[in-house]
Number of protein chains: 2
Amino acid sequence: VMSGVLGAPDPSYREALMQLESSMQTGGRLVLSPAERRLDQRLQQLKEAEMKKPDFPPALHFFKARSLIRSSPMYSLLQKMPKGGALHIHDFSMVDAEWLAMNVTYRPNCYMCVTGEQSMRFLFSSSSPKPLPLCSPWMQLEHLRAKMVNTTDLDNSIKASLTIFTDQDPEALYPSQDVVWKRFEQAFMSLWGLVTYAPVFRDYYYQGLSQFYKDNVMYLELRALLPQIYELDGSTHDRAWTLKTYQEITRQFVAEHPDFFGARIIFTVHRGVNTTLLTAAIEEAMRLQKDFPEIMAGFDLVGREDAGRSLWYFRDVLSLPAKRGVSLPFFFHAGETDLEGTEVDQNLLDALLFNTSRIGHGFALLRHPVAKNLSRKRGVAVEVCPISNQVLKLVADVRNHPAAVLMSEGHPLVISSDDPAMFGSSGLSDDFYEAFVGLGGKSSHIGTLKQLAVNSIRYSSLSPEQQEKALSLWQRRWDKFVSENSF
Amino acid sequence: VMSGVLGAPDPSYREALMQLESSMQTGGRLVLSPAERRLDQRLQQLKEAEMKKPDFPPALHFFKARSLIRSSPMYSLLQKMPKGGALHIHDFSMVDAEWLAMNVTYRPNCYMCVTGEQSMRFLFSSSSPKPLPLCSPWMQLEHLRAKMVNTTDLDNSIKASLTIFTDQDPEALYPSQDVVWKRFEQAFMSLWGLVTYAPVFRDYYYQGLSQFYKDNVMYLELRALLPQIYELDGSTHDRAWTLKTYQEITRQFVAEHPDFFGARIIFTVHRGVNTTLLTAAIEEAMRLQKDFPEIMAGFDLVGREDAGRSLWYFRDVLSLPAKRGVSLPFFFHAGETDLEGTEVDQNLLDALLFNTSRIGHGFALLRHPVAKNLSRKRGVAVEVCPISNQVLKLVADVRNHPAAVLMSEGHPLVISSDDPAMFGSSGLSDDFYEAFVGLGGKSSHIGTLKQLAVNSIRYSSLSPEQQEKALSLWQRRWDKFVSENSF
Ligand SMILES: [Zn+2]
Ligand SMILES: [Zn+2]
């Protein structure tokens, strides 16, 4: 135990330690241009304005904070910022419920039924579909709406069924992880029949790319279930078709938007499957990886970690690619839990032992110093999704999110939004707000933002050559952003 | 970016990494006896029972969790455990409000008035005291109660005024840090006139020692304001008298309880003072340290950090002892904040630069990797007070408390209860429950508890010889506890 009497602290030693600490943080070692430093002054002023608000938005549940965030000049600036890539986004939570309700459900041949739990199910069909168990009789929305004087209430109910965002008190509505996960899964069931209808599927993905593009995101890695996509007559397409469709629409979108770099797909399977099903999926993943090297990035397991099987449970299946000498990069969700020391809590270490390319969430990483060290040394970035973790009740106040620590240590990480449409966020800007103002506190600066954007390309699945291309495209957009906003 | 194809993970390598990780945690390297391992099996069963509860107590606000915790067999066992020393306790929050209301306010010559904010003030006086500004006229409690048929309501109001614990919904009653700190400070004002009355002061301290003793705590380091203590005629005593009184009562208590080791005092001053007042206090602290080396442990600043001046602001005054070559050990509160990067947030580094012996709270330590590293290398222990940090709204779910990470890394730390009477906790057992079940999760075990108890002696202000004595006293009690509870 130390005590007492040395000299009074030397101010220059103190200054050196403080500089050492700030050089360690994300972006702490970037050399900034005069224009970037001017922009940083503005950012610091805007941040102080956020901190002086009677309610500090990152301390509030995002559903309560959203309007505060959206109306802030900080948000406008972050929205304009070229943020690079969004590396942790799920296929069917790209496009807001508004578009699904007001565009998709207004298309012809759209049927709806309502479950006992008041969750909606949808289906497009050329004839009246077979009844769905535990659901009301199917109603054709065109006919239903034609009979109504005012469809606002119906449209609002539809919207509400397709997202978990709510204007009600979220803490009262979703008191526990169990409740919010249940609602979350119900909302996916709800939109399933809409987004897996072939014409909608194409439009949905195009619309999703547009929304990210408008949010100044230039690249996406999409975790996609690659489900069977159906046509109006009930016929269906296989996974290769779905993947090819992603590829075609991506190419089309890039052709139309030359400052958008592209998108790649991480094929995902629900972790609720058994070994047989997972084996089939891994084998298909290896085929797809070989057949569609341009669009296909790798493989992941999805669904609530605490409720599912551990990676170690599936170790034999997950070893198949390595055993066969076939490359199938993994991008595992791991450590999306606050239960320390469970079987599932070992997913972090196991993801790393299976050579995962990145870690989805890694919320529990700080409690696993060995895994954390491996992740850092191997440059395995953590995909941090602050709003998702808050909404799914891992942490209440974003300042207590473990990524605040990872950022202060300069751990490899990227910011993403997981399921933006489900959480009522859009693109990456809301999560960048939470990261910059909440996780970063007063210590974050323009270098933090720049590094986060650069990380999103450096830690992407793109080849080194593609990364160079993407980086130079991003750099041009960044320089423009800086010069237009620093005054 | 790593990807893909090495071999399947080697189970023995995995096992080695998991063992490495568990050896890093607090108590992870202790060698356990067969009896300790049997007791650990019981502990793990009891912990699983806690985890299976529909509401996991560490995830709840302590005010809601208390009855769940208290009724658990886990709590009973932790209560019986010899926990070593309580190193972060404040002078006037040792004894529960029940005793103050039902014993102290029933003593003769006790006057009460009520402020505009419905907070009570008390004073013992041989004659009717002068009116207090912004307070109702003084009422003598003896007379007031004599006129009442039933005093239960009055007694309950008095109790409520002396603590912030409540049966109401704490999140609704204390929606923000500002609100809860205000109530907290009001409660201290409320009990001030009771506990600074000389006869009560003595009894209160003796009663406080008894409560910790009954909770199987064998040693205390008390942060004490050493205020002027008054007699019935209004005459007052100086600080030396107060300190000497602590010393006498401690000696008496130890004489009466040979398995209690003792107590030492850390003289504290409110951080709201100006430089002149702090200079006077530091000079007095140096004198007291010289005159009462047995009881006096050192110096600290108290009060809400975010609202007060930083250590660096006071750097000249705090350097006085070093400049004069006088030993005055510091035990600074530092980093009890969730505001990253503010002036106050530098207190952690500055406390270390002023050679603090320990760090009070250190809630923000993880976000300061340089300070964290210094604290670890120099063996400057963090005094972790989970319930305090939760009640004062730094973190909602104890599992997200940064000490969960510190424990997983084996950072030097002790568990304490800060202001148990204010928070409705008692001794150390509630905080040990939160630490063992909440911070430790499934990873904590008998070694964790043992190490925490040992730490509380190793990181105390006791001399090495005293520590050896205290440790051997503790070891005897521990062996008895283990043999009586492992079956
Ligand atoms: Zn995800
Ligand atoms: Zn304290």
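Above this text sits the structure in question.
These numbers come from a predicted model, not from an experiment.

Asks: Give a detailed account of the packing of helix α20 (residues 446-458) of chain B against helix α21 (residues 464-485) of chain B, specifying residues and quantitative values.
Replies: Residues and elements named next belong to chain B. Between α20 and α21, the shortest axis-to-axis distance is 9 Å and the interhelical angle comes to 150 degrees. If you check the angle between α20 and α21, you find them roughly antiparallel. The hand of the α20/α21 crossing is right-handed. Of the residues in α21, those touching α20 at Ile 446, Lys 450, Ala 453, Val 454, Ile 457 and Arg 458 are Gln 467, Glu 468, Ala 470, Leu 471, Trp 474 and Trp 478. A class-by-class count of the residues in the contact of α20 with α21 yields 8 nonpolar, 1 polar and 3 charged.

Asks: An account of the coordination of the zinc ion (ligand 2) is requested, with residue identities and associated values reported.
Replies: Residues and elements named next belong to chain B. Protein-derived coordination of the zinc ion (ligand 2) comes from His 88 (NE2), His 90 (NE2), His 333 (NE2) and Asp 418 (OD), at a distance range of 2.1 to 2.3 Å. Geometry at the zinc ion (ligand 2) is irregular, judged from the 4 donor atoms that bind it and their angles of 83 to 169 degrees at the metal. Counting residues between consecutive donors of the zinc ion (ligand 2) along the chain gives the motif H-x1-H-x242-H-x84-D. Residue His 90 is found in strand β1 (residues 85-90), and its partner His 333 is found in strand β10 (residues 333-334); the two are separated by 243 residues along the sequence.

Asks: Quick one: what's the story with the pattern of salt bridges, residue by residue and with numbers?
Replies: Applying the stated rule across the entire model yields 49 salt bridges over all chains. In this structure, the salt-bridge partner of Glu409(A) is Lys372(B), at a minimum N-O distance of 4.0 Å. Highlighted residues: Glu409(A) in the loop between α18 (403-408) and β13 (413-415) and Lys372(B) in helix α15 (residues 369-377), drawn from two different chains. A relative accessible area of 11% means that Lys372(B) is categorised as buried. For Lys64(B), the salt bridge identified is with Asp169(B), shortest N-O distance 3.6 Å. Remark: Asp169(B) occurs in the loop between α7 (152-161) and α8 (170-173) and Lys64(B) occurs in helix α3 (residues 62-70); sequence separation between them is 105 residues. Three or more residues joined by partner-sharing salt bridges are found here, namely Glu221(A), Arg223(A), Asp300(A), Arg358(A) and Glu383(A).

Asks: Describe the interface of chain B and chain A, naming the residues involved and giving the relevant values.
Replies: Across the boundary between the two partners, chain B contributes 66 residues, which contact 65 residues of chain A. Both sides of the chain B and chain A interface together cover about 5,600 Å² of buried area, and 61% of this is carbon and sulfur. Taken together, the connections running from chain B to chain A amount to 4 salt bridges. At the junction of chain B and chain A, the tally comes to 12 residue pairs in polar contact (both at pLDDT 80 or more). Elements represented by at least two residues in the side of chain B that touches chain A include exactly α1 (11-24), α13 (315-324), α14 (347-353), α15 and α17 (403-408) of chain B. The class makeup of the residues in the side of chain B that touches chain A is 33 nonpolar, 20 polar and 13 charged.

Asks: Describe the packing of helix α2 (residues 34-52) of chain A against helix α21 (residues 446-458) of chain A, naming the residues involved and giving the relevant values.
Replies: Residue and element names in this part refer to chain A. The N-to-C vectors of α2 and α21 enclose an angle of 110 degrees; their axes lie 9 Å apart at closest approach. Here α21 runs roughly perpendicular to α2, going by the angle between their axes. Contacts between α2 and α21 involve Glu 36, Leu 39, Asp 40 and Leu 43 on the former and, on the latter, Ile 446, Leu 449 and Lys 450. Class assignment of the residues belonging to the contact of α2 with α21 gives a composition of 4 nonpolar, no polar and 3 charged.

Asks: Any details on the sheet that holds strand β1 (residues 85-90) of chain A? Residues and values, ideally.
Replies: Residue and element names in this part refer to chain A. Sheet architecture is open: 4 strands sit in the order β1-β5-β8-β9, paired in parallel fashion. Both outer strands of the open sheet, β1 and β9 (296-302), are each paired with one neighbouring strand and no more. For this sheet the average axis-to-axis angle between neighbouring strands, irrespective of direction, equals 25 degrees. Pairing geometry for strand β8 (residues 262-270) and β9, over 6 bridges, is parallel. The partner of Ile 266 across the bridge, within β9, is Gly 298. Lying over the sheet, helix α11 (residues 239-256) contacts β5 (219-224), β8 and β9, oriented at roughly 155 degrees with respect to β8. Where helix α12 (residues 275-291) meets the sheet, it contacts β8 and β9, and its direction lies at approximately 165 degrees from that of β9.

Reading the values: the criteria
Residues numbered from 1 in each chain as written. Chains lettered and ligands numbered in written order. Predicted model: local features only at pLDDT ≥ 70, side-chain atom pairs only at ≥ 80, totals over all residues. Heavy atoms only, no water. Axes fitted to C-alpha atoms, helices over the stretch in contact; angles between N-to-C directions. Helix = DSSP H or I, 4+ residues; strand = E, 2+ residues; numbered from the N terminus. Parallel < 35°, antiparallel > 145°, perpendicular 65-115°, else oblique. Left-handed = near helix turned anticlockwise from the far one by under 90°. Contact = heavy atoms within 4.5 Å. Nonpolar A, V, L, I, M, F, W, Y, C, P; charged D, E, K, R; others polar. Donors = N, O, S within 2.8 Å, 3.2 Å for Na, K, Ca; no water. Tetrahedral: all angles 85-135°; square planar, octahedral: opposite > 155°, others 65-115°. Salt bridge = Lys/Arg side-chain N within 4 Å of Asp/Glu carboxyl O. Buried < 20%, exposed > 50% of the residue type's maximum accessible area, 1.4 Å probe, protein only. Buried area = accessible area lost by both parts, 1.4 Å probe. Polar contact = N/O pair within 3.5 Å; in protein donor to acceptor, adjacent residues only side chain to side chain. Pairing = 2+ DSSP bridges.

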